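# A structural walkthrough
Here is what each chain is made of, one letter per residue.
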Amino acid sequence: MLKQKIILIGNGMAGVRTLEEIIKKDPNKFEITVFGEEPHPNYNRILLSSVLQGDASIDSIVLNSYEWYEENQIELFTGDTVVKVDTKSQTVISQNGISRHYDQLIFATGSNPFMLPLPGADKEGVIAFRNIKDCETMIDTAKNYKKAAVIGGGLLGLEAARGLLNLDMEVEVIHIADYLMERQLDDQAGRMLKEELEEQGMKFRLNAHTERLTGKKRVDGVLFKDGSKLDADLVVMAVGIKPNVALAKEAGLETNRAIVVNDYMQTSVQNVYAVGECAEHSGIVYGLVAPLYEQGKALAEHICANDTLIEPGYQGSIVYTQLKVSGVDVFSAGRFQDGEKTKSIRVHDEFEGIFKKVVVEDNKVIGAVLFGDTSDSPRLLTMMRNGQDISKMSKVAILPSENESDEKESVVVAMADSETICGCNGVSKGDIVKAINEQGLTTVDQVKACTNASRSCGGCKPLVAELLSVTTGEEASSQKEPICGCSDLSHEEVAAEIRDKGLNYVREVMNVLGWTTENGCSKCRPAVNYYLGLNNPIEYEDDSTSKFVNERLHANIQNDGTFSVVPRMYGGVTNSEQLRKIADVADKYQVPLLKVTGGQRIDLLGIAKEDLPKVWTDLGMRSGYAYGKSIRTVKTCVGENFCRFGTQDSIGLGIQIEKKYEGLSTPHKVKMAVSACPRNCAESGIKDIGIVGVEGAWEIYVGGNGGVDLRSAELFAKVHTDQEVLDTISSFLQFYREDARYLERTSHWVERVGLDHIKKALENEEKRAQLIERVELALTKQQDPWSDVLESKDKQESLYEKKEVEVTN
Ligand SMILES: Cc1cc2nc3c(=O)[nH]c(=O)nc-3n(C[C@H](O)[C@H](O)[C@H](O)COP(=O)(O)OP(=O)(O)OC[C@H]3O[C@@H](n4cnc5c(N)ncnc54)[C@H](O)[C@@H]3O)c2cc1C
Ligand SMILES: NC(=O)c1ccc[n+]([C@@H]2O[C@H](COP(=O)([O-])OP(=O)(O)OC[C@H]3O[C@@H](n4cnc5c(N)ncnc54)[C@H](O)[C@@H]3O)[C@@H](O)[C@H]2O)c1
Ligand code: SF4
Ligand code: FES
């Protein structure tokens, strides 16, 4: 049967969750295309606050990896904005000129941050906090500047301010109202929150009216209406959001504040839906994920039922919020302000810094504010959701005092099965217990994979962990982290089982070790493939279907669907012949950008997938493995041959190292550098392995990282000859290959196991010799992957010519 074609505009949290719901219901019914303006797969926008606060990395907040789109045969265009929708011909057109026809179209274009139209708002250093780019700008700014001003004392502003404090900036929050978070809290809780945050080092200016931002090209301060001034090198605006509806309006859809939808998320135009922050249901536009996910579920139900109106559709949501700032527990839900017809129950413990307020109307709880202790929140939310009649309940039962509620009984034990544990994803205690019991789940990650609980803001993670311990009878904290949701075995256990049982194929591992899924997932398959290669380096045939897309295609995919090609240049050294070839290829294939990389090589960007084998043939150079979990580059300084400070041949040693370990697979990428003196021009101090020449010797540093998790390498050994350098690298690399978990950089591994553990393991001469022997064996198998493809017509056809590999990013 011909599949219906769905197009999703907006690759964000609400839109992609809707697709997940559709795929869960009917995996084969639709052919799906997604356009996303941002150059990333769908990520957890909520956790940008955690990235800024240093509690998560950008890699770790990806919700749906490129492999997920590929596995579900979703055609994805990232970094490509839809610029036109023709609802008559049912076609969309993107900025990059891609045109697609749809049967059903979903708008999930989210919001734009509201930028105050102040004079000076266009200066450098004035930003919003909405996406990865904003987050990176703040992290970079904090490296060079000291003073930050955040305009807006709401949820976003306070989370941004906490992040900037963590980045060692001085932060002042400029707020227009007379207490913080006035849209979520009453004045008492707002004032308590300010006191708590002041103790953390945050400064505040309340009732403040900003007049303009000062500075020349870059902002240098904020001027207020009362004439006062604040110095600021960075101004973050967090004063609310504006639904992104321009495209919908232009396409003729009915819009108000956002795109108007009915209970089935249908817009005013046939076959066109809207979901998320860009949708307006019964006059309400939501800005939190829980309601957006409920909308996504209703939309999926409707679209999978062939347009049949399945009652009751989406009925609106009760919203609640929690501030994600460590050390501060704040909860707010529903209508929390006193009104003419409302009465409230209040508890205020000034000794413990606890404030609780529950607002009641017509014998029903309609809103609540909790500060300092938010453990009542799941129960209150359930009461609100169920519209529970409380006329017969005592006030104590609604807000139990500490003595009554704290009978040393776990909070989750006291909860009813119907109570919500994960508000973001609408998952109840009963849902989680059922999943744990029926599927034998043993870790929080498995619960997350099975039920979605804790997959968004993560605020419910402690409750999920507690429920897990209570249900399984085991301490959650002592439970190991499994490789992924498909198995409860850890990385170490999988690697050991492969070794002990002599397993040889990915499918065999999954069958023998009792995987819960038939084909594994994008997390476990590459890891299993790596451990199999490690165990049997000579005979194991790499399973290319278990590799990440870049590794499978031997080139890095770019945000417009083209690829980047980085040929090997040992030690960063090139010659006129190579440069001529690169220039010829650049002309022949009209390469839009040639760029010198940080690893001292030349990157040819913007190559079409089908041209890759031809480009490699014309270059006649080896692959630089810029895409691989393997040895990447050995950066070198000029050294003794030309530099007046050099006492060693850094280039010679660097080339020797790069040639020796070229192509060796490792748990994650490995970057190296050789500098011929402590001036360290090759930046050896931030490499996985960095070598520095000192008088008559080489110092070897390990575990450095120059990326997001910046880390200085630690001194590992001091040796005198080039051979000793190679032996040290060999034993260190092989131990890393065998001891680290797949996708663990040396910096994380060194931090986790400790340098002493590694030194101790390599102290023993016999063990060192064995490690060196094993790495030498693995190195005998290395073959240049580009030549490998060029020698195989089959590979060229299946990987580069076949049209069904459609994922373009
Ligand atoms: C720092 C931060 C912290 C947050 N914390 C929380 C929290 O703790 N709890 C909570 O519930 N919510 C939180 N939120 C809000 C939550 O992230 C949003 O409600 C949610 O992401 C909205 O999802 P969406 O899919 O509607 O919009 P978005 O996530 O904004 O996705 C829309 C996507 O569509 C793209 N797009 C727009 N127009 C086009 C076009 N024409 N063509 C192609 N693509 C287009 C955009 O670039 C964007 O990537 C937070 C938000 C931020 C910024
Ligand atoms: N923990 C969470 O749930 C969380 C965290 C971050 C963001 N978000 C969501 O992201 C969106 C954006 O958050 P937000 O905090 O920007 O929106 P918001 O509307 O909740 O808060 C904006 C705040 O800015 C203040 N403000 C408005 N104009 C001002 C001005 N001229 N000067 C100073 N202050 C001014 C307002 O008084 C208000 O308190 C919201 O939908 C929010 O729910 C949620
Ligand atoms: S590291 Fe030392 S030897 Fe190498 S280029 Fe710099 S100054 Fe010269
Ligand atoms: S409450 Fe946010 S992820 Fe569960």
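Definitions and cut-offs
- Residues numbered from 1 in each chain as written.
- Chains lettered and ligands numbered in written order.
- Predicted model: local features only at pLDDT ≥ 70, side-chain atom pairs only at ≥ 80, totals over all residues.
- Heavy atoms only, no water.
- Helix = DSSP H or I, 4+ residues; strand = E, 2+ residues; numbered from the N terminus.
- Buried < 20%, exposed > 50% of the residue type's maximum accessible area, 1.4 Å probe, protein only.
- Contact = heavy atoms within 4.5 Å.
- pLDDT = per-residue confidence, 0-100.
- Near = heavy atom within 4 Å.
- Polar contact = N/O pair within 3.5 Å; in protein donor to acceptor, adjacent residues only side chain to side chain.
- Areas by Shrake-Rupley, 256 points an atom, 1.4 Å probe, with all protein chains shown as cover.
- Nonpolar A, V, L, I, M, F, W, Y, C, P; charged D, E, K, R; others polar.
- Pairing = 2+ DSSP bridges.
- Right-handed = clockwise from strand over helix to strand, strands pointing away.
- Axes fitted to C-alpha atoms, helices over the stretch in contact; angles between N-to-C directions.
- Expected span 1.5 Å × (residues − 1).
- Core = buried A, V, L, I, M, F, W, Y, C linked by side-chain atoms within 4.5 Å.
- Salt bridge = Lys/Arg side-chain N within 4 Å of Asp/Glu carboxyl O.

Before going further, it helps to spend a moment on the overall build of the protein chain. What the protein chain contains, in helices and strands, is 28 helices and 36 strands. Within the span of the protein chain, comprising 809 residues, buried residues form 53% of the whole. Of the contacts made within the protein chain by residues no fewer than 6 positions apart, 62% connect residues no fewer than 24 positions apart.

To continue, consider the confidence of the model for the protein chain. Mean pLDDT over the protein chain stands at 91; residues scoring 70 or higher make up 96%. Considering only residues more than four positions removed or in separate chains, one finds that residues 403–408, a stretch of pLDDT under 50, has two contacts. Note that residues 803–809 has pLDDT below 50 and, in this model, 22 contacts with residues that lie over four places away or in other chains.

A few words now on the site of ligand 2. Taken together, the neighbourhood of ligand 2 is formed by 21 residues, with Glu159, Glu182, Arg183, Gly240 and Gln322 sitting nearest. Between ligand 2 and glycine 240 there is a distance of 2.9 Å, counted from an oxygen atom to a backbone nitrogen or oxygen. When ligand 2 sits alone it has 850 Å² of accessible area, and the protein chains cover 86% of it. Per-element accounting of the shell around ligand 2 gives the leading share, three residues, to helix α5 (residues 155–166). For the shell around ligand 2, a count of residues per class yields ten nonpolar, seven polar and four charged.

The subject of this paragraph is the pairing of strand β33 (residues 670–675). Among the six residues of β33, five are classified as buried, and the element is accordingly described as predominantly covered. Pairing between strand β32 (residues 631–636) and β33: four bridges, direction parallel. Bridging across to β33, lysine 635 finds its partner in alanine 673. Each parallel crossover has a hand, and the one from β32 via helix α22 (residues 650–661) to β33 is left-handed. Judged from the four bridges that link them, β33 and strand β34 (residues 689–694) form a sheet pairing that is parallel. Among the inter-strand pairings, valine 674 is bridged to a residue of β34, identified as isoleucine 691.

Let's shift gears to the sheet that holds strand β30 (residues 593–596). In a beta sheet, neighbouring strands pair by backbone hydrogen bonds and run either parallel or antiparallel. As summarised here, the arrangement of the four strands in space is β28-β29-β31-β30, forming an open sheet in which the pairing is antiparallel. Edge positions in the sheet fall to β28 (556–557) and β30, since each of these pairs with one other strand and no more. Relative to strand β31 (residues 602–607), β30 runs antiparallel, the two being bridged by four bridges. Bridge pairing links lysine 595 to aspartate 603 in β31. Where helix α20 (residues 576–588) meets the sheet, its contacts fall on β30 and β31, and the angle it forms with β31 comes to roughly 15°. Across the sheet, helix α21 (residues 612–619) lies against β29 (563–565) and β31, angled at about 15° from β29, the strand it touches most.

What follows concerns the site of ligand 3. In the region of ligand 3, the neighbouring residues are Cys637, Val638, Gly639, Cys643, Phe645, Gly646, Ala676, Cys677, Arg679, Asn680 and Cys681. In terms of residue class, the shell around ligand 3 is made up of seven nonpolar, three polar and one charged.

Mapped onto the elements of the fold, aspartate 603 is located in strand β31. Engagement of the side chain of aspartate 603 in a polar contact is seen with the side chain of serine 564, the distance being 3.0 Å. If sequence neighbours within four positions are ignored, aspartate 603 has contacts with Ser564, Val565, Val566, Leu593, Leu594, Lys595 and Thr597.

Bringing helix α1 (residues 13–25) into the picture now. With 13 residues, α1 extends 18 Å from end C-alpha to end C-alpha; this agrees with the ideal 18 Å at 1.5 Å per step. What α1 keeps buried is the set Met13, Ala14, Gly15, Val16, Arg17, Thr18, Leu19, Glu20, Glu21, Ile22 and Ile23. The secondary structure elements touched by the buried residues of α1 are β1 (4–9), β2 (30–36), α3 (66–71), β3 (74–78), β7 (104–107) and α8 (289–304).

Quick look at the environment of phenylalanine 371 now. Relative to the assigned elements, phenylalanine 371 resides in strand β25 (residues 364–371). When the C-alpha atoms of phenylalanine 371 and leucine 193 are compared, they prove to be 7.8 Å apart, with 178 residues separating the residues in sequence. Non-local contacts of phenylalanine 371, meaning those with residues more than four positions away in its chain, are made with Ala189, Met192, Leu193, Glu196, Val328, Asp329, Val330, Gly353, Ile354 and Phe355.

Core analysis: the biggest nonpolar cluster contains 83 residues, and Leu158, Leu164, Leu193, Leu197, Leu323, Ile421 and Ile432 have the highest contact counts within it. Counting residues per element, this core draws most heavily on α5, which supplies six residues. In this structure, isoleucine 432 is in contact with Ile421, Val427, Val447, Ala453, Val464 and Leu467, ignoring residues within four places of it in sequence. Counting 52 residues, the second-largest nonpolar core is a separate cluster that includes Val34, Phe35, Phe77 and Val285.

Another point: the pattern of salt bridges. Here the structure, examined in full by the defined rule, presents 44 salt bridges. Between glutamate 124 and lysine 217 there is a salt bridge, with its nearest N and O atoms 3.4 Å apart. Separated by 93 residues along the polypeptide, glutamate 124 in the loop between β8 (111–113) and β9 (126–128) and lysine 217 in the loop between β13 (210–215) and β14 (219–224) bring together distant segments of the chain. For lysine 795, the salt bridge identified is with aspartate 788, shortest N-O distance 2.9 Å.

Read across the open sheet, the five strands follow the order β32-β33-β34-β35-β36; overall the sheet is mixed. Whereas interior strands pair on both sides, the edge strands pair on one side only; in this sheet they are β32 and β36 (714–719). Neighbour-to-neighbour, the strand axes of the sheet open up by a mean angle of 20°, direction not taken into account. Of the strands in this sheet, β32, β33, β34 and β35 (697–702) touch α22, which is tilted by about 175° from β32.

The next subject is the environment of isoleucine 538. With respect to the secondary-structure elements, isoleucine 538 resides in the loop between α18 (524–535) and α19 (549–553). With relative accessibility at 36%, the residue isoleucine 538 sits in the partly exposed group. Along the backbone, isoleucine 538 and leucine 779 are 241 residues apart, and their C-alpha atoms lie at a distance of 9.3 Å. Beyond its immediate stretch of four places on either side in the chain, isoleucine 538 contacts Leu777, Thr780 and Lys781.

On to unusual backbone geometry. For methionine 181, which is not a glycine, the phi torsion comes out positive at approximately 50°. Here methionine 181 shows up in the loop between β11 (170–174) and α6 (187–199). For methionine 181, a relative accessible area of 2% corresponds to the buried category.

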